[in-house]
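Residue-level listing of the chains:
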Amino acid sequence: MNGYVEAGYAAVTAGLGSYAIWLSVKSRRLREAFVRVKVDDEAPKQGE
Amino acid sequence: MRTESELGGYQEDGSSTWKELPGGRPSRKKVKRSAVAAVFVVVAALVFILYKGLSSALVYFYTAQQAIADKAQLGTSTFRMEGVVVPGTVQPTASGVNFSVRFDHTVVPVVEIGAPPQLFQPSVPVVVVGHFSTATSDVFLSDQILVKHSANYVAAHPNRIKDAGGSN
Amino acid sequence: MNRRRWVAVFGAFALTTVAITYVMGLWVTPPDVFQGNLVRLIYVHPAVAWVAYLAYGVTSLSSIAYLWKKTRNYKWDLLAASSTEVGVVFTALTLITGSIWGRPTWGVWWTWDARLTTTALLLVLYLGYLALRRVTEDREQRAKRGAVAALIAFIDVPIVHQSVVWWKTLHQSATVFNADLNPKIHGEMAWTLLLGFLSFTAVYLWMVIKRYEIAKAEMAAEEQGIEEAIRERVGSL
């Protein structure tokens, strides 16, 4: 169509896409880390 | 209050689950040092942009009409000149393109060295960057053409109902 | 449905509207009389720029909410920081798409023109805000300084918007939000433009919600870290 048009749309897709992925990954990791702390803390008790 | 189980705690071997808490980032000192560096970079960028913006604002921006009116004062100094490409004057040359720009009733011949942009064509408003060739000549020597397009957008293929109505 | 579900569903909605905007912008809408296919960039560039303004507007309002004693709460500070970060992403994309559009139409990737210069300034000012937050360790100080810095940076937003009116510039004036509110674009081109604004606004909302949740979780972790320090000094609570 026109290299510039594709480049513009691609830039927006890449920029927003990578930021969105970073947000998703980071929020999931945080959530899991919070859960892990709880589990780790409870684990020894189960062994008692 | 949070209970101990929510907060994590110390394991029997002396390690603690605190370390598994989110935020296992580099030490605060390191973070702070890089942040200070970032602030410096930002300030430097700020100064650079302001400098470029202001110094570019100092390169005068005239319409073709104003340029001719202030010619005595302008001499051969560099400035930006705005006007519309006069149809029928565009002549490609070996080094670029020759044409005339008009603003109101003033026409100024332009000699451009370098390739014009994709949208350059007769009747478009342009801004040319350069200077008058001599203090007495009206010919403007330009090394850059910028096409100033309007904020109007019109479909290239107007819809067919209009055609059928016979208005086009 | 729980809150997390709602956020996910909203994210999918935002993604869908962007996809529709792309299809409309790239294939359905007609080329422009003068610009040809290049006009298709109008469906993304101004919308992305609008979101940057919106983001900084949210930053300013939440900064005011933090500074005002009656509403003072760290949550406002976190929202301001989150919105700024998203705004910075959108400002950078505004500059990139503008540059890509400028090359074939004006003939240059960049020029130190009023609109471009003030937009570049906007990006750097808010990057400065984010950097300042990182330098300041004390939470209250960080929130206060940040709020003041955010309000100072916001001065540039109306300047950017009015730059095409105040100075002679290469950039065209507003197509829709012009002085007499007389749109200079019509038909499906106008509808797609509007859809672009809505879809990128939806993307902004989703991003700011996600970023705010991350900031809140990090603050919770930080709070627990402080409690840890107290615990070490005082012994078991």
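Note that this is a predicted model, so its numbers are computed, not measured. Counting restarts for each chain: residues are numbered from 1 in the order of the written sequence. Working convention: letters from A go to chains and numbers from 1 go to ligands, in the order in which they are written. Under the rules for a predicted model, residues below a pLDDT of 70 receive no local features and side-chain atom pairs below 80 are neither given nor counted, while totals for whole chains, interfaces and linings still include all residues.

Draft legend 1. Structural detail: the UniProt feature "transmembrane region" (unreviewed entry) in chain A. UniProt positions are given in the numbering used here, feature names are shortened, and annotations may be inferred rather than shown by experiment. This chain's UniProt record puts "transmembrane region" (unreviewed entry) on residues 6-25 of chain A. A distance of 28 Å separates the end C-alpha atoms of residues 6-25 of chain A, which is 100% helix and 0% strand. Only runs of H or I of at least four residues qualify as helices and only runs of E of at least two qualify as strands under DSSP, and these elements are numbered from the N terminus.

Draft legend 2. Representation of the interface of chain A and chain C in the model. Listed as interface residues are 17 residues of chain A and, on the opposing side, 24 residues of chain C. Partitioning the side of chain A that touches chain C into residue classes produces 12 nonpolar, 4 polar and 1 charged. For every residue pair, C-beta atoms are placed from the backbone, and the pair is scored as a contact if these atoms sit within 7 Å. Each residue is assigned to one of three groups, with Ala, Val, Leu, Ile, Met, Phe, Trp, Tyr, Cys and Pro labelled nonpolar, Asp, Glu, Lys and Arg labelled charged, and all others, Gly among them, labelled polar.

Draft legend 3. Structural context of the interface of chain B and chain C. Tallying the contact residues gives 38 residues for chain B and 43 residues for chain C. For the side of chain B that touches chain C, the secondary-structure elements that each account for two or more residues are helix H2 (28-58) and strand E7 (140-147) of chain B. Considering every element that reaches the side of chain B that touches chain C, the biggest residue donor is H2 of chain B, with 14 residues. Partitioned by chemical class, the residues of the side of chain B that touches chain C number 26 nonpolar, 8 polar and 4 charged.

Draft legend 4. Highlighting helix H5 (residues 139-154) of chain C. Residues and elements named next belong to chain C. To estimate the expected span of a helix, count its residues, drop one, and scale the result by 1.5 Å. Spanning 16 residues, H5 covers 22 Å between terminal C-alpha atoms, matching the ideal 22 Å at 1.5 Å per step. Counting other C-beta atoms within 10 Å of a residue's C-beta gives its exposure: the residue is buried at 20 or more, exposed at 12 or fewer, and partly exposed in between, where C-beta atoms are placed from the backbone. Inspection of H5 places Ala143, Gly146, Ala147, Ala149, Ala150, Ala153 and Phe154 among the buried residues, and these make up the whole buried set. In this structure, the buried residues of H5 make contact with helix H2 (45-67), helix H3 (74-105), helix H4 (114-135) and helix H6 (156-166).

Draft legend 5. Seen up close, the pairing of strand E2 (residues 79-85) of chain B. Residue and element names in this part refer to chain B. Of all 7 residues making up E2, 5 are buried, and the element is well covered by its neighbours. When DSSP finds two or more bridges between a pair of strands, those strands are recorded as paired. Bridge analysis of strand E1 (residues 61-63) against E2 gives 3 bridges, and the strand direction is parallel. Among the inter-strand pairings, Tyr62 is bridged to a residue of E2, identified as Met81. Where E2 meets strand E6 (residues 125-132), 6 bridges bridge the pair, whose relative direction is antiparallel.

Draft legend 6. Focus on the environment of Thr17 of chain C. All names here are of chain C. Examined against the element boundaries, Thr17 turns out to sit in helix H1 (residues 3-28). Residue Thr17 is classed as partly exposed on the basis of its C-beta count, with 17 C-beta atoms lying within 10 Å. Between the C-alpha atoms of Thr17 and Leu130, which are 113 residues apart in sequence, the distance is 30 Å. For Thr17, the contacting residues outside a window of four places in its chain are Leu195, Leu198, Ser199 and Ala202.

Draft legend 7. Local environment of the UniProt feature "transmembrane region" (unreviewed entry) in chain C. Residue and element names in this part refer to chain C. When the UniProt feature table is mapped to this numbering, "transmembrane region" (unreviewed entry) covers residues 7-27, 47-68, 80-102, 114-135, 147-169 and 189-209. For residues 114-135, helix accounts for 100% and strand for 0%, while the C-alpha atoms at its two ends are 31 Å apart. Counting secondary structure, residues 189-209 comes out at 100% helix and 0% strand; the distance between its end C-alpha atoms is 30 Å.

Draft legend 8. Examining the pairing of strand E4 (residues 96-103) of chain B more closely. Residue and element names in this part refer to chain B. Where E2 lies against E4, 2 bridges are found, and the strand directions are antiparallel. When the sheet's bridge partners are listed, Val84 is paired in E4 with Arg102. Where strand E3 (residues 91-92) and E4 come together, 2 bridges link them in antiparallel fashion. Across the sheet, residue Gln91 finds its bridge partner in E4, namely Asn98.

Draft legend 9. Structural detail: unusual backbone geometry. All names here are of chain B. Positive phi, close to 55°, is recorded for Asp104, a residue that is not glycine. Here Asp104 lies in the loop between E4 and strand E5 (106-113). Unlike most non-glycine residues, Ser123 shows phi in positive territory, near 75°. With respect to the element layout, Ser123 can be found in the loop between E5 and E6.

Draft legend 10. Seen up close, the environment of Val126 of chain B. Residues and elements named next belong to chain B. Among the structural elements, Val126 can be located in strand E6. Once the C-alpha coordinates of Val126 and Thr93 are considered, the two residues, 33 residues apart in sequence, prove to be 19 Å apart. Non-local contacts of Val126, meaning those with residues more than four positions away in its chain, are made with Gly83, Val85, Val101, Ile145, Leu146, Val147 and Lys148.

Draft legend 11. Here's a closer look at the packing of H2 of chain C against H3 of chain C. All names here are of chain C. Axis angles are defined between N-to-C directions and span 0 to 180 degrees, where every axis is a line fitted to C-alpha atoms and, for a helix, only to the segment in contact. At a minimum axis separation of 8 Å, H2 and H3 run at an interaxial angle of 160°. Considered as vectors, H2 and H3 are oriented roughly antiparallel to each other. Crossing of H2 over H3 shows left-handed handedness. Taken together, the residues that form the contact of H2 with H3 break down as 16 nonpolar, 11 polar and 1 charged. Roughly parallel refers to an angle under 35 degrees, roughly antiparallel to one over 145, roughly perpendicular to one between 65 and 115, and oblique to any angle outside these ranges. Handedness of a crossing is defined here by the sense of rotation of the near helix relative to the far one, left-handed for an anticlockwise turn of less than a right angle and right-handed for a clockwise turn.

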